[in-house]
Amino acid sequence: MAEKDCIFCKIANGEIPSATIYENSDFRVILDVAPANRGHALIIPREHFKDIFDIDALTAGKLFSLATEVARAMKSVLHCDGMNIVQNNGIVAGQTVFHFHLHLIPRYENDNVNIGWQPGDSTPGELQELAKEIRKKI
Ligand code: 5GP
Ligand code: ZN
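Residues numbered from 1 in each chain as written. Chains lettered and ligands numbered in written order. Predicted model: local features only at pLDDT ≥ 70, side-chain atom pairs only at ≥ 80, totals over all residues. Heavy atoms only, no water.

Trainee: Any chance you could explain the sheet that holds strand β4 (residues 82-86) here in plain terms?
Mentor: Backbone-to-backbone hydrogen bonds pair the strands of a sheet. The strands run either parallel or antiparallel. On the basis of which strands lie adjacent, the open sheet formed by five strands has the order β1-β2-β3-β5-β4 and antiparallel pairing. Single-partner strands in this sheet number two, and they are β1 (20-23) and β4. On average, each strand axis in the sheet is inclined to that of its neighbour by 15°, with strand direction left out of account. As paired strands, β4 and strand β5 (residues 102-107) are joined by five bridges and run antiparallel to one another. By the bridge assignment, Asn-84 is partnered in β5 with Ile-105. In the packing of helix α2 (residues 57-78) onto the sheet, the strands contacted are β1, β2 (27-31), β3 (41-45), β4 and β5, and the crossing angle to β5 comes to about 20°. (Pairing = 2+ DSSP bridges. Helix = DSSP H or I, 4+ residues; strand = E, 2+ residues; numbered from the N terminus. Axes fitted to C-alpha atoms, helices over the stretch in contact; angles between N-to-C directions. Contact = heavy atoms within 4.5 Å.)

Shown next as structure tokens:
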């Protein structure tokens, strides 16, 4: 169901034009209007899901399956040296459009794209304890 005032609902359904790489009944794949690098693409479900916490597993699975095909097509055209798959959830994580989307960001040697974090510290006991807590919820 389209969400009123959601730009990605409008793009996914073709109401707002976009540079479309591919589309099927579930998804539209477009080029990002403000690319981190040449060829930066987005896979957008036609249905409105806010984020990873909202999307169903079946759609997410189909989306990632499509991502493998799109990534290979992009690599063959762009001749990129690598690719980051990024997916932001929540303002704190950098999400700016609140309709689930997957970023495919081609990487080129010596580009200036920054995706990363500083490695932190952990102890084996702490990791085991936390893994156990989360496992209970799956
Ligand atoms: P987020 O920050 O939510 O993970 O990513 C949103 C992405 O959507 C950004 O990279 C931004 O450039 C892109 N974007 C926002 N509005 C439009 C638009 O109207 N058209 C296209 N093609 N991309 C958009
Ligand atoms: Zn939407």
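Trainee: Looking at this structure, I do not really get the site of ligand 1. What am I missing?
Mentor: The local shell around ligand 1 holds 16 residues, among which Asp-32, Asn-88, Thr-96, Val-97 and His-103 are the closest. Within the backbone of Leu-31, a nitrogen or oxygen atom sits 3.0 Å from a nitrogen atom of ligand 1. Contact distances for ligand 1 include 2.9 Å between an oxygen atom and a backbone N or O atom of Val-97. Summarising the interface, the protein chains cover 80% of the accessible area of ligand 1, which totals 520 Å² for the free molecule. Mapped onto the shell around ligand 1, the elements with two or more residues apiece are α1 (7-12) and β2. In terms of residue count, the dominant contributor to the shell around ligand 1 is α1 (three residues). Tallied by class, residues from the shell around ligand 1 come to nine nonpolar, six polar and one charged. (Near = heavy atom within 4 Å. Polar contact = N/O pair within 3.5 Å; in protein donor to acceptor, adjacent residues only side chain to side chain. Areas by Shrake-Rupley, 256 points an atom, 1.4 Å probe, with all protein chains shown as cover. Nonpolar A, V, L, I, M, F, W, Y, C, P; charged D, E, K, R; others polar.)

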